[in-house]
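This is what each chain is made of:
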Amino acid sequence: MRWLIVQTIIFFQFQSLFANEFSTKYWVGVVRKIHGNARIGERVLSKEDRVYRNEIIKTEEKSLAVIELMDKTEVKLGPESEFRVDKWIYYNDHDRNTVMSILKGQIRAHVKSKTKYGEQVEFKTKNISMGIRGTEFLVNVVEKLDEEVTQVALIEGLIHLHNNTNLGDRFIYPGDEILAINDEGGNRVENKKIDIEKFKNNQDEFLPVFAKNKNVKSEFEVLTLARDPGWGQCMVGRIVTGK
């Protein structure tokens, strides 16, 4: 009996060490699609390139990229966007502890394997963190000199949202859009709704960028991804300073 206990302890210690080593040294995802230019540091990314923990993936203007993580989670980056995997402890699709940061721009993510009790799949921005429960969602992060805005909209699944500015936790349900705004008026949260079917019918559409400032407008354009017919067309937004 004592020998069995010792073996069990050794097994779990080895498993923990293996997971941590795997999360720090080896790749966590693969570039599945790319249009335009995307980089990690000075390295220009190509299709099927591997992505490692703590690397910041950056897309350039009028560029798009799709990253498939090891648990089959799909992360689409819109133009001028930045994304990073901060933590990746992974045994299988239903036994994982992961944290990812959306640093800038437009992201559309689909966590295909639902989380189970004890698992952690978290996406975060500068002012919110999101516990994901098997979900397809959209996030925009817009930062200007006098304003920081994080938009989160849910297509399907469930998100447990924690606001880092002490405005409380809440659940987000399909069709909900939450705006966490930090500007000269302080920190606040606004609630909106999205047309779920519009996003379901166009798998490559991103959330329109929120713009409140009278000197700023949202401009939208359709990018036709001729290099990869599987992409079709994407509607993306960008902030344009008015004169």
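Structure: see above.
Residues numbered from 1 in each chain as written. Predicted model: local features only at pLDDT ≥ 70, side-chain atom pairs only at ≥ 80, totals over all residues. Heavy atoms only, no water.

## A word on the overall build of the chain
Then, number 1: The secondary structure content of the chain amounts to two helices and 19 strands.
Then, number 2: Residues classed as buried in the chain amount to 45% of the 243 residues present.
Then, number 3: Counted over contacts in the chain with a minimum sequence separation of 6, partners at least 24 positions apart contribute 48%.
Then, number 4: In the structure as shown, the chain presents an accessible area of about 12700 Å², 51% of it carried by carbon and sulfur atoms. (Helix = DSSP H or I, 4+ residues; strand = E, 2+ residues; numbered from the N terminus. Buried < 20%, exposed > 50% of the residue type's maximum accessible area, 1.4 Å probe, protein only. Contact = heavy atoms within 4.5 Å. Areas by Shrake-Rupley, 256 points an atom, 1.4 Å probe, with all protein chains shown as cover.)

## Re the pattern of salt bridges
Then, number 1: Scanning the entire structure with this criterion turns up 14 salt bridges.
Then, number 2: Note that Arg32 and Glu68 form a salt bridge whose closest N and O atoms lie 2.7 Å from each other. Taken as a pair, Arg32 in strand β1 (residues 27-35) and Glu68 in strand β6 (residues 64-69) lie far apart in primary sequence, 36 residues in all.
Then, number 3: Of the residues examined, Arg32 reaches a relative accessible area of 32% and is grouped as partly exposed.
Then, number 4: Via salt bridges that share partners, Arg32, Glu48 and Glu68 belong to a single interconnected network. (Salt bridge = Lys/Arg side-chain N within 4 Å of Asp/Glu carboxyl O.)

## Considering the packing of aromatic side chains
Then, number 1: Applying the stated rule across the entire model yields three aromatic pairs.
Then, number 2: Each ring, one from Trp88 and one from Tyr90, has its centre 5.9 Å from the other, and the planes form 25°; the classification is stacked. (Phe/Tyr/Trp six-rings, centres within 6.5 Å; stacked < 30°, edge-to-face > 60°.)

## As for the pairing of strand β12 (residues 136-144)
Then, number 1: The buried count for β12 comes to seven of nine residues, which makes it a mostly enclosed element.
Then, number 2: In this structure, strand β9 (residues 95-110) lies alongside β12, joined through six bridges in antiparallel fashion. Of the residues in β12, the one forming a bridge with His110 is Glu136.
Then, number 3: Two elements, β12 and strand β13 (residues 147-156), share nine bridges in a ladder whose sense is antiparallel. Bridge pairing in β13 links Val139 to Val152. (Pairing = 2+ DSSP bridges.)

## So, the environment of Gly185
Then, number 1: Tracing the sequence through the fold places Gly185 in the loop between β16 (176-183) and β17 (186-193).
Then, number 2: Residue class for Gly185 comes out exposed when judged on its relative accessible area of 67%.

## A closer look at the side chain of Ser101
Then, number 1: Locating Ser101 in the fold gives a position in strand β9.
Then, number 2: For Ser101, a relative accessible area of 3% corresponds to the buried category.
Then, number 3: At 2.4 Å, the side chain of Ser101 and the side chain of Asp86 are in polar contact.
Then, number 4: When sequence neighbours within four positions are dropped, the list of residues in contact with Ser101 reads Glu82, Phe83, Arg84, Asp86 and Lys124. (Polar contact = N/O pair within 3.5 Å; in protein donor to acceptor, adjacent residues only side chain to side chain.)

## Points about the nonpolar core
Then, number 1: If you look at the biggest cluster of nonpolar residues, it comprises 38 residues, and the most contacted ones within it are Phe83, Phe123, Met130, Phe137 and Ile159.
Then, number 2: Not counting residues within four places of it along the chain, the set of residues in contact with Phe123 comprises Thr73, Val75, Phe83, Met100, Ile102, Ala109, Val111, Ser129, Met130, Ile132 and Phe137.
Then, number 3: Counting residues in each nonpolar core, the second largest holds six residues, with Ala153, Ile155, Phe199 and Leu207 among its members. (Core = buried A, V, L, I, M, F, W, Y, C linked by side-chain atoms within 4.5 Å.)

## Comments concerning unusual backbone geometry
Then, number 1: Despite not being glycine, Glu48 shows a phi value in the positive range, around 80°.
Then, number 2: You can see Glu48 is positioned in the loop between β3 (43-44) and β4 (50-52).
Then, number 3: We classify Glu48 as partly exposed; its relative accessible area is 43%.
Then, number 4: Unlike most non-glycine residues, Glu80 shows phi in positive territory, near 50°.
Then, number 5: Its place among the elements puts Glu80 in the loop between β7 (74-77) and β8 (82-92).
Then, number 6: Using a relative accessible area of 39% as the deciding quantity, one classes Glu80 as partly exposed.

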